[in-house]
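Overview (structure and organization)
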Amino acid sequence: MSIAATAPRYRSIVLSRSAIYGLLLALLALAWLTSMTLGYRLYTPGQVWAALFANDGTEAATVIAGLRLPRALIAPLAGAALGMAGTMVQTLSRNRIASPDTLGLNAGASLAVVVATIIFGVQSLVGLSLAAAFGALATAIVVFGVAAGAGGLSPLKIVLVGVTFASLAHAAVEILLTSNEAQLQQLLFWLSGAFVDRPISLFFNGLPVVLVGAAIGFALASSLDAAQADDSTAAGLGVPLAAVRGAAFVAVSLLTGAAVSMAGPVAFVGLVVPHVARRLVGLQHRHQLTAAALTGAIYTTLADVAARFVIYPVEAPVGAITAVVGAIALLVLLRRRLA
Amino acid sequence: MDDLAANRIEVKGLTMAYGGDVVLDALNLPIPAGRITVLAGPNGCGKSTLLRAIRRLHAPQSGQILLDTEDITRLGSKALGRRIGLLPQSPSAPLDMNVEELVRLGRYPHQAMLQPWSPQDDEAVSRAMAGTGVEAMRRRRIGSLSGGQLQRAWIAMVLAQDTDVICLDEPVNHLDMAHQLDCLELVARLNRDEGKTIVLVLHDLNLAARYADNLVFVANGRIREAGNPELLMRADLIAEVFNTDAHIITDPIHGRPMCIPFRKG
């Protein structure tokens, strides 16, 4: 009797979750098609198809394959990476307003890229990607080290230290840039946080890094589930907390670093996306991470489309759009928390 | 005593220190299998530290803890998690986690890294929720539960862990009288029906005397005395351990010793 009563209920949950994944995939496909067709010039899906699979050398085909396609690949990959990174950061810090931004990871990655270029003369894309990932990881270590040293990893303290570090990193970036005008143009392009005018090779550099970060995240899924409880409970369940935190920070740094190396610092994606993901699929990380990857990809792809139109015919930096959305979301979250 | 042959846990010469302060001092304690052992003592006596040491949350400075004659430091963290469960004092989880998601956390030590959820996991979760009466609220967010419901959900989580030994650190703190009784009756039933070895830290000495098979008085980082509550609930001993005068009577309902603390003059 009890089995009969619970079985359909269980199935309906499984179905609704796969329905959600189906819906998200459909939305992502739609967002991608929008990104390929809408812009300064409008193309039909037929032209997109022709440009991708039968490059006929027309001007349309050149624009679609050379300009539209890179951003339509980089935007969702960066969004997926930041969504997953944000999910893990929020779990690890037990703080729903934490994100790669509020922990200073984006700023740290930016600083590392600027230092690598100006001081060490790194020019290759692979080198810059590595620098970004290293910068994010180093920042994670510094921020958590300082917060822990200041007496316990309280969620608020982590964010305070992270925001402070982010301001410092931004200041350092500005100083380095103003005193090295030769590199200013080249780096400013990158530091603006955008998907436009990125070479497609950035996507192929970022993809394996994102895949490794995601693989670590999914391997840690059940440990992250248990780490949502307090430390004593998690340890009582047998979670090796230090190892799990260390591995998760490597994953977060890879994901954030890859996103920053592809698109520059795109603000607040990692803050907003995990909230949507949890609402959709609940608190198990297997699902949270999947939904965050999909939601993040949709979000950045659509934000990139919006960036083409807010000050049409000029392109707005996509980071400005995600910053506005993110700031509103942060205010709502803070209000709800304080209420 | 037949218990002597069946100690589930044996604490031997355990010394614990935090930054030079000795909290437990060469402490010895056998914990009988299938019984309820209650650790009691004044604030700061080391009873919580002892409980947490038994679950290996802190490394001892010296001494050892044997679980079924095996040193617990030899066990992996998940292996130990399959044998000793711990509900800490005031546990916490995200308020938007639902009851079923919380109870599922208890299955953590039974899962290998990439191995998916198994029918045994489902069964253990259902059984734990049924045993604690939280089935009907499985979809509710834990932030919406009352104190008593929340504590039952947490106990369900420890139960889903399916360990022989369950440690609970002050599980009835912050609960009103009725829910204190519900919670301890639930623990007593787990002990009776499923033969679980229970180690409890309790602040209320009368509840301790009522539910303990084996009462342990901890004072100044040592075991002052341990055994049947009938033997421990003496005015002189309570005065010494708890630093208060006490009058001992027999609880007219349960026939257990009861203490009425008072201050002279």
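Refer to the structure printed above.
Figured I'd write up the structure that's included with this text. (Residues numbered from 1 in each chain as written. Chains lettered and ligands numbered in written order. Predicted model: local features only at pLDDT ≥ 70, side-chain atom pairs only at ≥ 80, totals over all residues.)

Another point: the overall build of chain B. Check the secondary structure of chain B and you find nine helices and 12 strands. Taken along the three principal axes of its C-alpha coordinates, chain B extends 60 × 40 × 40 Å. Looking at chain B as a whole, 42% of its 265 residues qualify as buried. Taking contacts inside chain B between residues at least 6 apart in sequence as the whole, the part at least 24 apart equals 67%. (Helix = DSSP H or I, 4+ residues; strand = E, 2+ residues; numbered from the N terminus. Buried ≥ 20, exposed ≤ 12 C-beta atoms within 10 Å, placed from the backbone. Contact = placed C-beta atoms within 7 Å.)

Here the focus is the interface of chain A and chain B. Across the contact, 19 residues belong to chain A and 23 residues belong to chain B. Of all the secondary structure elements, the ones that give two or more residues to the side of chain A that touches chain B are α9 (221-227) and α10 (231-237) of chain A. Here the element with the most residues in the side of chain A that touches chain B is α10 of chain A; it accounts for five residues. Its residues assigned to classes, the side of chain A that touches chain B shows eight nonpolar, eight polar and three charged. (Nonpolar A, V, L, I, M, F, W, Y, C, P; charged D, E, K, R; others polar.)

This brings us to the sheet that holds strand β1 (residues 7-18) of chain B. All names here are of chain B. Taken in spatial order, the four strands make up an open sheet running β2-β1-β4-β5, and their pairing is antiparallel. Edge positions in the sheet fall to β2 (21-32) and β5 (70-71), since each has one partner strand and no second. Pairing analysis gives two bridges linking strand β4 (residues 62-67) to β5, with the strands arranged antiparallel. When the bridges of β5 are listed, Leu67 appears paired with Glu70. Helix α1 (residues 47-54) contacts β1, β2 and β4 of the sheet and is inclined by roughly 120 degrees relative to β1. (Pairing = 2+ DSSP bridges. Axes fitted to C-alpha atoms, helices over the stretch in contact; angles between N-to-C directions.)

Before going further, it helps to examine the sheet that holds strand β9 (residues 214-219) of chain B. Residues and elements named next belong to chain B. Ordered in space as β6-β7-β8-β3-β9-β10, the six strands form an open sheet in which the pairing is mixed. Only two strands of the sheet have a single neighbouring strand rather than two, namely β6 (84-87) and β10 (222-227). Between one strand and the next, the sheet's axes are offset by a mean angle of 15 degrees, whatever the strand orientation. Here five bridges tie strand β7 (residues 165-169) to strand β8 (residues 197-201), and the two strands are oriented parallel to one another. Note on β8: the bridge partner recorded for Val165 is Thr197. Against the sheet, α1 makes contact with β3 (36-40), β6, β7, β8 and β9, and its axis sits at roughly 150 degrees relative to β8, the strand it touches most.

Moving on, we come to the nonpolar core. Ranked by internal contacts, the top residues of the largest apolar core, which has 177 residues, are Ala81 of chain A together with Val38 of chain B. No other element matches helix α3 (residues 59-92) of chain A, which puts 15 residues into this core. Setting aside its immediate chain neighbours within four residues, Val38 of chain B contacts Leu200, Leu202, Ala208, Tyr211, Ala212, Leu215 and Val216 of chain B. (Core = buried A, V, L, I, M, F, W, Y, C linked by C-beta atoms within 7 Å.)

All names here are of chain A. Direction vectors running N to C along helix α2 (residues 45-53) and α3 enclose 75 degrees, while the axes themselves pass 9 Å from each other. The angle between α2 and α3 places the two elements in the roughly perpendicular class. On α3, the residues touching Gln47, Val48, Ala50, Ala51 and Leu52 of α2 are Ala60, Ala61, Ile64 and Ala65. Its residues placed into classes, the contact of α2 with α3 shows eight nonpolar, one polar and no charged. (Parallel < 35°, antiparallel > 145°, perpendicular 65-115°, else oblique.)

Time to look at the packing of helix α4 (residues 105-118) of chain A against helix α11 (residues 241-263) of chain A. Residues and elements named next belong to chain A. At their nearest, the axes of α4 and α11 sit 10 Å apart, and the two run at 55 degrees to each other. In this view, α4 runs oblique relative to α11, as classed from their interaxial angle. Classified by chirality, the crossing of α11 by α4 is right-handed. Of the residues in α11, those touching α4 at Leu105, Asn106, Ala109 and Ser110 are Thr256, Gly257 and Val260. Each residue belonging to the contact of α4 with α11 can be placed in one class, and the counts come to three nonpolar, four polar and no charged. (Left-handed = near helix turned anticlockwise from the far one by under 90°.)

In short, shape yes, function no, at least from these values alone.
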